[in-house]
Amino acid sequence: MPVEEAVNVLLAALEGRVPNPTVAVVGAEELEFATAVRRIARVAGRRPVYVRAPVWAIRVLAQLTEWTMVVPLVAKAQARMLAEGVSEPAPFAPQLPKGIRPTLMFDDERIRAALPDGRFGLRDLRITNCWAGRRRDGF
């Protein structure tokens, strides 16, 4: 779900327009992980390589990238969502009222706006950022 829609839901809750104390907040469309990857890759002009991996391996990769990268390639929260599935709220919660539900689709324009400039490189690693920061400070 786009950030602007999450903000709209939070504002509606603060303004008292959300009648239930707990609601399901989901995006406007339900996508399988592979479909989302294909859309992003198409917009980015890339051809992803798919490797089947057990959930524990994805969790290990997530932990390693959180330790070593400024913006992790895979976050632990993403690994957990992938393992648990996030298409149904658990425990059950009612949907938001119609005027507050997210409506923005995961389209090319939104994907393009969210893509970072360039590719992952050495600057994305924590160790090189620490080293570069020390060099600038004269250490």
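Residues numbered from 1 in each chain as written. Predicted model: local features only at pLDDT ≥ 70, side-chain atom pairs only at ≥ 80, totals over all residues. Heavy atoms only, no water.

*Asks:* Can you help me understand the overall build of the protein in this one?
*Replies:* Looking only at helices and strands, the protein has 6 helices and 0 strands in total. Starting at the N terminus, the α and β elements of the protein follow one another as α-α-α-α-α-α. Looking at the protein residue by residue over its 139 residues, the buried ones come to 15%. For the protein, the computed accessible surface area is about 11200 Å², with 59% contributed by carbon and sulfur atoms. (Helix = DSSP H or I, 4+ residues; strand = E, 2+ residues; numbered from the N terminus. Buried < 20%, exposed > 50% of the residue type's maximum accessible area, 1.4 Å probe, protein only. Areas by Shrake-Rupley, 256 points an atom, 1.4 Å probe, with all protein chains shown as cover.)

*Asks:* Is there a simple way to think about the side chain of Glu-5 in this case?
*Replies:* With respect to the helices and strands, Glu-5 occurs in helix H1 (residues 3-14). Salt bridges are absent for the buried Glu-5, whose nearest opposite-charge side chain, Arg-110, sits at 6.4 Å. Beyond its immediate stretch of four places on either side in the chain, Glu-5 contacts Pro-102, Thr-103 and Leu-104. (Lys, Arg positive; Asp, Glu negative; His and termini not counted. Salt bridge = Lys/Arg side-chain N within 4 Å of Asp/Glu carboxyl O. Contact = heavy atoms within 4.5 Å.)

*Asks:* So what exactly am I meant to see when it comes to the nonpolar core here?
*Replies:* A general feature of soluble globular proteins is that nonpolar side chains tend to end up buried together. By size, the foremost hydrophobic cluster in this structure holds 5 residues: Val-9, Ala-12, Val-18, Leu-96 and Ile-100. Each residue touching Val-18, except ones within four places of it in the same chain, is listed here: Val-9, Ala-12, Ala-13, Val-23, Leu-96 and Ile-100. (Core = buried A, V, L, I, M, F, W, Y, C linked by side-chain atoms within 4.5 Å.)

*Asks:* Which parts of the structure should I look at to understand the confidence of the model for the protein?
*Replies:* Any segment with low pLDDT has predicted coordinates that should not be analysed in fine detail. On average, residues of the protein score 81 in pLDDT, and 88% of them reach the 70 mark or higher. Within the protein, helix H6 (residues 126-137) has the poorest average pLDDT of any element, 59, and helix H3 (residues 55-68) the best, 93. Every residue in residues 135-139 scores below 50 in pLDDT, and together they form 1 contact with partners more than four places removed in sequence or on other chains. (pLDDT = per-residue confidence, 0-100.)

*Asks:* Where do I start with helix H2 (residues 33-44) in this structure?
*Replies:* One turn of an α-helix holds 3.6 residues; hence residues three or four places apart share an orientation. Under the 1.5 Å per step criterion, the end-to-end length of H2 is 16 Å for 12 residues, consistent within 8% with the ideal 16 Å. The complete set of buried residues in H2 reads Ala-36, Ala-41 and Val-43. With its buried residues spanning 165° around the axis, H2 presents them on a single face. Against helix H5 (108-114) lie the buried residues of H2. (Expected span 1.5 Å × (residues − 1). Arc of directions from axis to C-beta.)

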